[in-house]
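# Structural characterization, general
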Amino acid sequence: MPAAHRSSRTRLQALDLLVTPVAVVDAGGVVRFANAALEDAVGLPSRSIEGTALTHYFADAAAFQHALEGAHGNQFAALRYEAQLRRLGGEPWPVHAIVAQTEAKGELIVELVPLEQQARQEREERAANQARAHKELFRNLAHEIKNPLGGIRGAAQLLEMEIDSRELREYTQVIIREADRLQQLVDRLLAPHRRPQVVGDVNIHEVCERVRALIAAEFPRGLAVRRDYDISIPDFRGDREQLIQALLNIVHNAAQALGQRIAQGDAEIVLRTRVARQITIGKQRCRLALDLHVIDNGPGVPEAIKDRVFDPLVSGREGGSGLGLTLAQTFVQQHHGVIELDSRPGRTDFRILIPLP
C-alpha cells in the first residue's frame, strides 16, 4: 500500500467511530473509504465497497451523481436530500443523504443518516425542549397556586371554628381536603425539580428487582412480571431512588393498563436489559448505553395521546393524574438518557436508554 494511501486511511479512521454510514469518495464518486456503519448498512466489507462507484448503492443513481457534481463544482456547501440505499439481500433503506467537500482537494464526504434515526433525534430534542418548558411552567404554576390555595384552606379552617352545625362543618372539610389534594398535586409537579440528585453506584438489576417486588405485592394474581436480564451490564453513576421511581412509574402504568388481562389471568410484563453499542442519545454518541425495556401485552397506548404520553396531565386512564410518565421522563433525562415508546395493540414497549461508562 503506497504511503500516501496509508496516510489517507489513517486520517479517515476516526469515521469508523460514527454510528451513521459514511463514505469518502473522489470527484467521480469512486469510494476511497467506507466506515464500519456503511459496511453494516449495505452488507458488504469495506474492501468490497472501496474502489467501486458509490452510485451503485443508490436506487436513483442519477440523483446521487447530480449531487456529487454539484458539490464538486462548488454549487453548494452541502447538499441534503432523501434517497434510497440499496442493501445486499434486503429492501432499499430510506436515508437522508448529505454530500459535502472535505479539506482535501477533489475529495467528497457522503453521510447517510437513516430517516428513522433522524426522526428519533428530533423526538429526543423536542422532548428535552418540552422538559425545560415544563420545568418553568411548573415553577410559575406553583407560585400562582400555592398562595391563594393556602388562603382558601386557612379561611375554611377559621370558618369551621365559628360553625356549630355538624352538617355545615362537612362543607368546610370538603374545602380543606380539596385544597390539600391540590397542594399534593403541585408538590408532585415540582418534586423532580426540588430534590437534588443523590449520586452513587447503581446496579440496574437491583433497581429492576425492587420494582418487580413492589408490583408483585400490589398485583399478586393474574400478572406475571418476567425477567430477561443481561447480567454483564456494569454499574454506573446515578441516583438510585430516582431510577427506581422512574421505572416504577412505567411498570405501574403498564400494570394498570393490563386490567382486563389481569382479570383473565394472562397479563405479562417483561423487564429486559441489554447493552446498546455505538448509539446516539440526544445528539451525543455513546460507546455503551443501558438499553432497558418494559414490555407488556396490554391494549396499547391510545392513538390520540401516543405523541403526548410524556406531557404532564395527559392520561389514557380514567382517574389518572397524567404525571407518572412525565416524572419518569424527567428523572431519566437527569441521567442524560431518554425514554422511547413503541406501542400497538397487544404489545407496548417503553425503552429507557442511559449512557454507561
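In this text, all values refer to a predicted model and were calculated from it rather than measured experimentally.

## Overview of the overall build of the chain
Along the backbone of the chain there are ten helices and twelve strands. Residues counted as buried form 41% of the 357 residues belonging to the chain. Long-range pairs, those at least 24 residues apart, make up 60% of the contacts in the chain between residues at least 6 apart in sequence. When the accessible surface of the chain is split by element, carbon and sulfur atoms take 51% of a total near 19300 Å².

## Let's talk about the sheet that holds strand 7 (residues 223-228)
Strands pair in a sheet through their backbones, by hydrogen bonds, and they do so in one of two ways: parallel or antiparallel. The mixed open sheet is built from five strands, whose spatial order is 7-9-10-12-11. What marks the edges here is a single partner per strand, and that holds for strand 7 and strand 11 (338-344). Strand-to-strand twist in this sheet, taken as the mean axis angle between neighbours without regard to direction, amounts to 20 degrees. With twelve bridges joining them, strand 9 (residues 267-281) and strand 10 (residues 284-296) adopt antiparallel strand pairing. Bridged to V270 within strand 10 is I295. Relative to the sheet, helix 7 (residues 204-218) contacts strand 7, strand 9 and strand 10, its axis offset from that of strand 7 by approximately 170 degrees. Running over the sheet, helix 10 (residues 324-333) touches strand 11 and strand 12 (347-355) and is turned about 140 degrees from strand 11.

## Re the packing of helix 8 (residues 240-257) against helix 10
Two elements in contact, helix 8 and helix 10, have axes whose closest approach is 8 Å; the angle formed by their N-to-C orientations is 145 degrees. Of the two elements, helix 8 crosses helix 10, and the hand of that crossing is left-handed. Here Q242, Q245, A246, N249, I250 and N253 of helix 8 come into contact with helix 10, specifically with G324, L325, L327, A328, F331 and V332. Tallied by class, residues from the contact of helix 8 with helix 10 come to seven nonpolar, five polar and no charged.

## Topic: the pattern of salt bridges
In total, this model carries 13 salt bridges according to the counting rule given. The partner of D228 in a salt bridge is R274, and the shortest N-O contact between them spans 3.1 Å. Linking D228 in strand 7 with R274 in strand 9, this pair joins segments that are 46 residues apart in sequence. Overall, D228 belongs to the partly exposed group, its relative accessible area being 24%.

## Thoughts on the packing of aromatic side chains
Applying the stated rule across the entire model yields one aromatic pair. Pairing F58 with F64 gives two aromatic rings, centres 4.1 Å apart and planes at 10 degrees, and the pair type is stacked. Each member of the pair, F58 as well as F64, is classed as buried.

## Things to note about the environment of L243
Residue placement: L243 occurs in helix 8. For the pair L243 and C208, spaced 35 residues apart in sequence, the C-alpha separation works out to 9.3 Å. Setting aside chain neighbours within four positions, we find L243 in contact with V202, V207, F236, H335 and I354.

## Brief notes about the pairing of strand 4 (residues 90-101)
Taken together, the nine bridges between strand 3 (residues 78-87) and strand 4 define a ladder with antiparallel strand orientation. Bridged to A83 within strand 4 is V95. Between strand 3 and strand 4, which pair antiparallel in sequence order, lie two residues; one of them, G89, sits at a positive phi of approximately 70 degrees. Note: strand 4 against strand 5 (residues 107-114), seven bridges, orientation antiparallel. When the sheet's bridge partners are listed, A100 is paired in strand 5 with I109. Two successive antiparallel strands, strand 4 and strand 5, enclose a turn made up of five residues, where G106 displays a positive phi of approximately 75 degrees.

## Topic: helix 8
Here helix 8 is 18 residues long and its end C-alpha atoms lie 26 Å apart, about the 26 Å a rise of 1.5 Å per residue gives. A distance of 3.1 Å separates the backbone nitrogen of E241 from a side-chain oxygen at the start of helix 8, and that oxygen is part of D239.

## A look at unusual backbone geometry
Backbone geometry places H336, a non-glycine residue, at a positive phi of 65 degrees. With respect to the helices, strands and loops of the structure, H336 is situated in the loop between helix 10 and strand 11. Under the relative-accessibility criterion, H336 is labelled exposed at 62%.

## With respect to the sheet that holds strand 1 (residues 22-26)
Within the open sheet, the five strands sit side by side as 2-1-5-4-3. Their pairing is antiparallel. One side of each edge strand has no neighbouring strand; the edge strands of this open sheet are strand 2 (31-34) and strand 3. With direction set aside, neighbouring strand axes in the sheet form an average angle of 30 degrees. Of the strands in this sheet, strand 1, strand 3, strand 4 and strand 5 are in contact with helix 4 (residues 61-72), which crosses strand 4 at around 10 degrees.

Rules used throughout
Residues numbered from 1 in each chain as written. Predicted model: local features only at pLDDT ≥ 70, side-chain atom pairs only at ≥ 80, totals over all residues. Heavy atoms only, no water. Helix = DSSP H or I, 4+ residues; strand = E, 2+ residues; numbered from the N terminus. Buried < 20%, exposed > 50% of the residue type's maximum accessible area, 1.4 Å probe, protein only. Contact = heavy atoms within 4.5 Å. Areas by Shrake-Rupley, 256 points an atom, 1.4 Å probe, with all protein chains shown as cover. Pairing = 2+ DSSP bridges. Axes fitted to C-alpha atoms, helices over the stretch in contact; angles between N-to-C directions. Left-handed = near helix turned anticlockwise from the far one by under 90°. Nonpolar A, V, L, I, M, F, W, Y, C, P; charged D, E, K, R; others polar. Salt bridge = Lys/Arg side-chain N within 4 Å of Asp/Glu carboxyl O. Phe/Tyr/Trp six-rings, centres within 6.5 Å; stacked < 30°, edge-to-face > 60°. Expected span 1.5 Å × (residues − 1). Polar contact = N/O pair within 3.5 Å; in protein donor to acceptor, adjacent residues only side chain to side chain.

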